[in-house]
Amino acid sequence: MLIHKSCIAMLFAAVRSASAFSIRSLNHVSAPQKASLLKHFSTAAAADSDALINNRISRAPVPSSLDARTLSENLDLVLSHLRSRRASDEALDAAKTISTLNLDRVSLIKQRDEALQQRNELSAKVGMLMRESKGEETEEIVGIKAEATTVGETAAGVEESLAEIESKMNSLLASLPNLLDDVVPDGDDDSQNELVSEWGDVSSLPKELGWDEDFTPLWHDDVATNLGGWQSDAAVGMSGARFVSLTGDVARLERAISSYFLDRASQKGYTEVSPPLVVSRTALEGTSQLPKFEDDLFKIMPESHTCNGEDAFLIPTAEVPLTNMHAGAILEESELPISYCALTPCFRAEAGSYGRDTRGLIRTHQFYKVEMVKITTAETSADEHEKLTRHAQECLEELKIPYKKMRLCSGDVGFSAQHCYDLEAWLPSTGEYREISSCSNTGDFQARRMALRYRPAPVADTNADEPKKGGKKKKAKKPKPVLCHTINGSGLAVGRTLVAVLENYQTPDGDVVVPEVLRPYMGGLEILKKK
């Protein structure tokens, strides 16, 4: 099959310029040529390093999240991103299967439509013959009726096969992660994340607090124990491993951190929400925790409660109820961006973290977090992602806790994220930076799953006031709804912030100085005294 060189050149030019190009825009190319063209392009792109961005094919041809048709038309691009994520062979096979099933689906749709058209034609012929025979059912009419019934049964059978294929494709699509933003660096794991910026001097607070060379900073649980506020044995006794009870000044400090984060988010324009802590399977599918991460969730026994007949779960993060507040809705562009914040306990089974971070508050089954969520347009989502991340950074800066801003690499970025920043706070006990906030732009990945759309503002029509023939004015057409973009991030994780405060603000005497910004929430208290 011959493919004009200009078509291939168009594809390369589109990727190199990162323009919003789609293979579907080649309307002058037939379907077989289109498929062959994509194959030629993907093969050539792999051989041409200039066509690759961070060792994968640029997602410029596919700015939106995947549906079956888009995946099928851009299979090599999708496989390139899955390999960049270090995805499993099962994920790669799922993408290939979807592409194959989509071809079957297209063929079945054609068969169904042809059968339905034939049935309609036969039914029309029966009507005409009945009129001619004045209602008498002739042998010819009986034969045509029988033929119409057979054709209808064929259409019904095809429709059934079509439903099975679409169900399988949807199930496989739900198992595939988001495509990556072109800015995401290539890498295997968190050791290859990219340092974007660094704030604070790790020696500043120690100097202020009188640490000398002989002082070894304690772990946060030891600091809290010295303050009389660490009751882990009691918590484990009643709830099991990875649960902690805080008391006295330590519990009060945790509450102060929560209140400060909420107030600060409200000042930045986020609407505070008190959401439900129990959500349905559908809600978790919408934000993509399900079906992939069910083992990490706390499921409620159906005998105790269901959500409108569905399985019920404790929330792993307030991202789930906040984003789902508009599931299935069509918003107006003028309403966007929507910004929400919420303080909630979060519940995670941590099924994949056995033996990791077993000490203290770093990784527990229950923890508090202030979550920030934004619902935006595609055009503003990158800027809103930066704003949300900056809001989290400012919390750390006002607490005077040194931190790093990291861009997650392709092997570490979350399932639903196309681009993610982690903020890592300095912990002097171990001499390392640990994640305290993760801020993700999911693009329209979640919005597609929960049918969250907005209607773009109508473009002014200069001809709108011109009358039609007959004197009536033209009605301005309403733009079609399009998918929103969703962004989420911790602002911040309360437990881990408590860890950072206890460790960074401890004194050699065993006291803890209350950060200045938290003192109004502690009744003016400046120092938590060792007991």
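Up top is the structure these notes are about.
Because the structure is a prediction, the values reported are computed rather than measured. (Residues numbered from 1 in each chain as written. Predicted model: local features only at pLDDT ≥ 70, side-chain atom pairs only at ≥ 80, totals over all residues. Heavy atoms only, no water.)

(A) Region of interest: the sheet that holds strand S12 (residues 419-427). The strand order S3-S11-S12-S13-S16-S10-S9-S4 describes an open sheet built from eight strands, whose pairing is mixed. Each edge of the open sheet is held by one strand with a lone partner, namely strand S3 (194-199) and strand S4 (271-272). Relative to strand S11 (residues 403-407), S3 is paired through five bridges, and the arrangement is antiparallel. For Trp-199, the partnering residue across the bridge sits in S11 and is Tyr-403. (Pairing = 2+ DSSP bridges. Helix = DSSP H or I, 4+ residues; strand = E, 2+ residues; numbered from the N terminus.)

(B) The arrangement of unusual backbone geometry in detail. Put simply, Leu-290 and Pro-291 share a cis peptide bond, and its omega is 10 degrees. Relative to the helices and strands, Pro-291 is located in the loop between helix H11 (281-286) and strand S6 (299-300). Gly-491 connects to Leu-492 through a cis peptide bond whose omega is 10 degrees. With respect to the helices and strands, Leu-492 occurs in strand S16 (residues 485-493). The phi dihedral of Ser-288 is positive, around 75 degrees, even though this residue is not glycine. With respect to the helices and strands, the residue Ser-288 is situated in the loop between H11 and S6.

(C) Representation of the packing of aromatic side chains. Applying the stated criterion to the full structure yields seven aromatic pairs. Considering the side-chain rings of Phe-293 and Phe-415, the 5.7 Å spacing of their centres and the 90 degrees angle between planes classify their relative orientation as edge-to-face. In this pair, Phe-293 is assigned in the loop between H11 and S6 and Phe-415 in the loop between S11 and S12, connecting sequence segments 122 residues apart. Considering the side-chain rings of Phe-415 and Phe-445, the 5.9 Å spacing of their centres and the 75 degrees angle between planes classify their relative orientation as edge-to-face. Here the residue Phe-415 occupies a position in the loop between S11 and S12, and Phe-445 occupies one in helix H14 (residues 445-450), the gap between them amounting to 30 residues. Both residues of the pair, Phe-415 and Phe-445, belong to the buried class. (Phe/Tyr/Trp six-rings, centres within 6.5 Å; stacked < 30°, edge-to-face > 60°. Buried < 20%, exposed > 50% of the residue type's maximum accessible area, 1.4 Å probe, protein only.)

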